[in-house]
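Reading the structure
Residue-level listing of the chains:
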Amino acid sequence: MSFNSTEFGWKDMTITAMGRTFERIEEVEYDVEEDKKYIYGRGKKVRGIQGGNEKPSGSITLGQSEVEAMIAKAQETNINAKLTDIVFDVQIHYLKGTDLVRDRLIGVEFTKQPKGMKQGDSDMKIKLPIMFMDVQYNI
């Protein structure tokens, strides 16, 4: 068995969705949590662990220009569309030299559409919580 020791940095990552590459992306985070519970039987010791439903979630932090572009794209088909109305896939590519890892988030939906700034801010960064149906790792 061989082991690839490539470590990727932020500069090695590209994220695309809705036909565009995010240029003003600040952060991405995604994970899948599985409901699990202990199974008991005779005595007081655990006899097993039973898996249940998966719960994929995460967040994407974008600059305001990216958020406004996504809203404009959504409003091409529905003038009243909000970010929380759209469903899309996200492709995350990690590329360093010839080493490539591709993850894909399936059926992404935003759960909030926040905006805000505070005194001293030079630009708006918007953290958008996401839900999705599945993640395909290293496809």
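My aim in this report is to walk through the structure given alongside it, one point at a time. (Residues numbered from 1 in each chain as written. Predicted model: local features only at pLDDT ≥ 70, side-chain atom pairs only at ≥ 80, totals over all residues. Heavy atoms only, no water.)

**A word on the packing of aromatic side chains**
For the structure on display, the rule yields three aromatic pairs. Relative to Tyr40, the ring of Tyr38 lies with its centre 6.3 Å away and its plane at 55°, an arrangement referred to as tilted. Assigned by exposure class, Tyr38 and Tyr40 land together as exposed. With 5.4 Å between their ring centres and 45° between their planes, Phe88 and Phe110 make a pair best called tilted. (Phe/Tyr/Trp six-rings, centres within 6.5 Å; stacked < 30°, edge-to-face > 60°. Buried < 20%, exposed > 50% of the residue type's maximum accessible area, 1.4 Å probe, protein only.)

**Observations concerning the pairing of strand β7 (residues 125–131)**
Residues Ile126, Leu128 and Ile130 line the buried face of β7, whereas the alternating positions Lys125, Lys127, Pro129 and Met131 sit on a face that is not buried. In this sheet, β7 lies alongside strand β4 (residues 46–63) in antiparallel orientation, the contact comprising seven bridges. Directly across from Ser59, in β7, lies its bridge partner Pro129. (Helix = DSSP H or I, 4+ residues; strand = E, 2+ residues; numbered from the N terminus. Pairing = 2+ DSSP bridges.)

**Topic: the environment of Arg102**
Position of Arg102 among the secondary structure elements: in strand β6 (residues 99–110). When the C-alpha atoms of Arg102 and Thr21 are compared, they prove to be 14 Å apart, with 81 residues separating the residues in sequence. What Arg102 contacts, discounting residues up to four positions off in sequence, is Ile92, His93, Gln136, Tyr137, Asn138 and Ile139. (Contact = heavy atoms within 4.5 Å.)

**Some points on the nonpolar core**
Grouped together as the largest cluster of nonpolar side chains are 29 residues, with contacts concentrated most on Val90, Ile92 and Leu105. Residue assignment for this core shows that the elements contributing at least two residues are β1 (13–17), β3 (25–40), β4, α1 (64–74), β5 (88–96), β6 and β7. In this view, Val90 contacts Ile15, Thr16, Ala17, Ile60, Asp103, Arg104, Leu105 and Val108; residues no more than four positions away in its chain are not counted. (Core = buried A, V, L, I, M, F, W, Y, C linked by side-chain atoms within 4.5 Å.)

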